[in-house]
Structures are given as C-alpha cells and as structure tokens.
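Chain by chain, the residues run as shown.
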Amino acid sequence: MEKKFIGGLRAGETFSRALNYTWPLISLSLKQDHVEIVYRFFPKKKHILAYADIQSIGPERHLFTGLRIIHKTPDTPVYLLFWSGKIKEICDIFARYGVQVIQQ
C-alpha cells in the first residue's frame, strides 16, 4: 500500500548547508520497497531510497519539527529533513517497513 504526504524539505550537506523547499513543493511517497522524495516543481527531480538504505528516522526540532532521514543512498543529499504536520503517522509507517525510529 502506498501512502503519499505533501510537505517541505531541507536537503544538503548539513542543516546550515542545505536548500529549503517549502510546503507544498515536495511529496514523500512510502511504497512497498522504497521511499520516493519528489520535487513537484522546478527543479523537477526525485530521490529513491530503499528501506534497507535508511539507517534511521526521527523528529528533529528547529523552528518547526521535521522528520530527519538518515540514509546511505548514493547521489542523494546526506542531510534530508522532511517538513510535515503528520510526523507521527509517517514514523509509524516507516516502523512497519522495519526502519528504526528514534524518538526525541
């Protein structure tokens, strides 16, 4: 079962060395065997992360709380922070796919 969430994304090397894409420019789709992060407008691109390549996820608080995705997928920004009002629901789905969820 696929579940899709609309939100924002901060992507780059670190929090301070990243670009911010505000809501509703990003979609996060949780599919059977992988996650897709799609930039819905310019620049139109996509990151595909296999669940096996996601080391952990968990909330990370700055001005707002986002979902930090720690992964080892090549050609994908090291720092990924997905902004959404549905962090708990997203974490629950990731956990069902065997991804470690770290609560802060």
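Structure first, text after, so check above.
Residues numbered from 1 in each chain as written. Predicted model: local features only at pLDDT ≥ 70, side-chain atom pairs only at ≥ 80, totals over all residues. Heavy atoms only, no water.

The subject of this paragraph is empty space enclosed by the protein. A full pass over the atoms with the stated rule returns one cavity of 30 Å³ or more. Tyr21, Leu25, Tyr39, Arg40, Phe41, Phe42 and Pro43 are the residues that line the largest cavity. The residue makeup of the lining of the largest cavity, split by class, is six nonpolar, no polar and one charged. (1 Å grid on protein atoms, 1.4 Å probe; cavity = no way out; pocket = protein on both sides within 12 Å on 5 of 7 lines; lining within 4 Å. Points joined across faces, edges and corners; volume = space filled by probe spheres on them. Nonpolar A, V, L, I, M, F, W, Y, C, P; charged D, E, K, R; others polar.)

Turning next to the sheet that holds strand E4 (residues 45-50). Strand order in the open sheet made by the seven strands is E4-E3-E2-E1-E7-E6-E5, with antiparallel pairing throughout. This sheet does not close on itself; its edge strands, each paired only once, are E4 and strand E5 (54-61). Neighbour to neighbour, the strand axes of the sheet diverge by 30° on average, direction disregarded. Taken together, the six bridges between strand E3 (residues 34-39) and E4 define a ladder with antiparallel strand orientation. Among the inter-strand pairings, Ile37 is bridged to a residue of E4, identified as His47. (Pairing = 2+ DSSP bridges. Helix = DSSP H or I, 4+ residues; strand = E, 2+ residues; numbered from the N terminus. Axes fitted to C-alpha atoms, helices over the stretch in contact; angles between N-to-C directions.)

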